[in-house]
Amino acid sequence: MKATVFDEPMLDFGHGGAHEDPRAGVTDYGPVDLGMPGAPTRIRVGLVGPAEGISGARGWLKRCRTLIEAKANNRHPRLFRGFPGFNADCSFRSELVFDDTWTRAISNRQLGRVLTKPVSLATAECVDLYHREIADLCERGVVDLVIVARPDDLQDDIPETRRSTATMVDTSTEVSSAHIDFHDLLKAYSLGWGIPLQVMRSTTWDPTRQTAKSRSRRSSSIQDEATRAWNLHTALYYKAGGVPWRLRRRSRDLDSLYVGVSFFHSTDRDEVHTSVAQVFDERGEGVVVRGGPAARKKPDRQPHLRRADADDLLGTALDTYRREHQHFPARVVLHKTSEFDDEEMSGFEAAVDQRHIRHLELLWIVEGSEGTRLFRNGVHPVLRGTFATITERRHVLYTRGSVDLYQLYPGMYVPTPLGIRPALTENSIEALAEEILALSKMNWNQSQLDGRLPITLSASRKVARILKNLPDEFPASNRYAMYM
């Protein structure tokens, strides 16, 4: 066995600055699109929810315009950084703009009647209440994004053992359709409006709030206030059209595109459908494409695509990307959550060949460690970035682990590595694993160095969870911001 530890990948920020830590980079240099014509400097925010929720969310977001101090009694200042504020003079160099006419309150009386019903029905009717108000707000075309204060007492996300009316959630690699989720169903309903949503819990602005979910927990897992502010405002900036940071490229690197393929069940569970998440470039920009049907094959019981469907899926993604960005990439890297079979490989190769793209690399990423774990001397877990070759076709990569910059492991459980199984490669497996590590830093919903999956697959999961709620005849938005 051969093992190595990769350096933490660097990211690009404004003014040509670079840093390994997203929060330090934004604080020191600003977002990577700083000063560019498309960078959002004033973000018009709509608010939908109960009156108390609207007031709480708006009040906390206004508080976040200025410094939020780091966690009290903080022994790890690089991990628990203060939030410098979201305003025109620091961090993202942007500001949130509110107006009373951009709010839509949902009465407690309406919610009270709905929340007495069985949880699946209550979730669907809550989504309907919210969607009507969001539609009215979006039709006016006056906001850039909508913040949704979700109802405190909706029980759609309480674990099964604590709720008698739930349905079992599938824990396989595919996304289950058995569970109705407020966040996912509302986003599916709202895709047609073209305005991103940010769903907020009341515990974001007030950790002492008692909600259906907090009452079901034995202990609190709410992040400190500054970390909540970092994660939320990074997401808001991206959803408003901004680019917080991007992967660092060397001048000799090919123009690369990264594609993630995940699978989800149709709502009647008769078929397994496929989803391509946003097709990412180095800036984290790209498109979302919904694919055709997949089926489980008897030899491995994993979902696979027919040759024509694989060709159509990747070809449609590339054509959509070209319409958005006016060019094809020189290289395509495709990550998939199941093994590649001959039909799939042939279809993916045909898609790039037809578009005269010379370089294609196909990687099966296994979420389990395949029975292999690494240890190092002392009491700390292995370092993030630890890579090992088990056999020629089996490799493991720790995207979670102890972080040199933080001088600790920022997690609660013993980390497990990802399995990497190459199907078609041109670069070394070490170079491809380093790319996966870098892509784990491109998740706009978090700002710490603890992302487990590369954005190709973490995004495709989010997209799949929402698309399973969207009837086939309804168009899906191409913007990843609409799904996250």
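Preceding this paragraph is the structure being described.
These notes cover the structure that comes with them. (Residues numbered from 1 in each chain as written. Predicted model: local features only at pLDDT ≥ 70, side-chain atom pairs only at ≥ 80, totals over all residues. Heavy atoms only, no water.)

### Concerning the pattern of salt bridges
Summed over the entire model, instances satisfying the criterion amount to 24 salt bridges. A salt bridge links Arg 63 to Glu 225, with the shortest nitrogen-to-oxygen separation between them at 2.8 Å. With Arg 63 in helix 2 (residues 51-63) and Glu 225 in helix 8 (residues 225-239), this pair connects stretches of sequence that are 162 residues apart. Accessibility expressed as a relative area gives 24% for Glu 225, which makes it partly exposed. Linking Glu 435 and Arg 331 is a salt bridge whose minimum nitrogen-to-oxygen distance equals 2.9 Å. Separated by 104 residues along the polypeptide, Glu 435 in helix 11 (residues 429-439) and Arg 331 in strand 14 (residues 331-336) bring together distant segments of the chain. Assessed through its relative accessible area of 18%, Glu 435 is described here as buried. By relative accessible area, which is 5% here, Arg 331 ends up buried. (Salt bridge = Lys/Arg side-chain N within 4 Å of Asp/Glu carboxyl O. Helix = DSSP H or I, 4+ residues; strand = E, 2+ residues; numbered from the N terminus. Buried < 20%, exposed > 50% of the residue type's maximum accessible area, 1.4 Å probe, protein only.)

### With respect to the sheet that holds strand 3 (residues 18-19)
Pairing within the open sheet is antiparallel, and its 3 strands lie in the order 3-2-9. The open sheet is flanked by strand 3 and strand 9 (246-247), the only strands paired with a single partner. Sheet topology places strand 2 (residues 11-12) next to strand 9; 2 bridges connect them, and they run antiparallel. Across the sheet, the residue bridging to Asp 12 is Arg 246, located in strand 9. (Pairing = 2+ DSSP bridges.)

### Things to note about helix 12 (residues 455-467)
With 13 residues, helix 12 extends 17 Å between its outermost C-alpha atoms, agreeing within 8% with the 18 Å of an ideal straight helix rising 1.5 Å per residue. The buried fraction of helix 12 amounts to 12 of the 13 residues, a majority that puts the element mostly inside the structure. Three or more residues of helix 12 are buried, namely Ile 455, Thr 456, Leu 457, Ser 458, Ala 459, Ser 460, Arg 461, Lys 462, Val 463, Ala 464, Ile 466 and Leu 467. (Expected span 1.5 Å × (residues − 1).)

### Some details on the nonpolar core
If you look at the biggest cluster of nonpolar residues, it comprises 56 residues, and the most contacted ones within it are Trp 60, Leu 61, Phe 83, Leu 96, Ile 147, Tyr 480 and Tyr 483. Contributions of two or more residues to this core are made by strand 4 (42-49), helix 2, strand 7 (145-149), helix 8, strand 10 (256-265), helix 11 and helix 12. When residues of this core are assigned to their parent elements, the largest contribution, 8 residues, is made by helix 8. The contact partners of Ile 147, leaving out residues within four places of it in the chain, are Val 45, Gly 46, Leu 47, Val 48, Leu 61, Gln 198, Met 200 and Leu 236. With 28 residues, the next largest nonpolar core counts Ala 294, Ala 310, Leu 313 and Val 332 among its residues. (Core = buried A, V, L, I, M, F, W, Y, C linked by side-chain atoms within 4.5 Å. Contact = heavy atoms within 4.5 Å.)

### So, the environment of Ile 466
Residue position: Ile 466 is located in helix 12. Ile 466 sits in the buried class, given a relative accessible area of 0%. Separated by 275 residues in sequence, Ile 466 and Leu 191 place their C-alpha atoms 9.5 Å apart. Excluding anything up to four places from it in sequence, Ile 466 contacts Asp 184, Lys 187, Ala 188, Leu 191 and Tyr 483.

### Observations regarding the packing of aromatic side chains
The full count for this structure, using the stated rule, is 12 aromatic pairs. Pairing Phe 6 with Phe 387 gives two aromatic rings, centres 5.6 Å apart and planes at 25°, and the pair type is stacked. With Phe 6 in the loop between strand 1 (2-5) and strand 2 and Phe 387 in strand 16 (residues 386-391), this pair connects stretches of sequence that are 381 residues apart. Note on accessibility: Phe 6 and Phe 387 belong to one class, buried. (Phe/Tyr/Trp six-rings, centres within 6.5 Å; stacked < 30°, edge-to-face > 60°.)

Shape is all these values report; function is a separate question.
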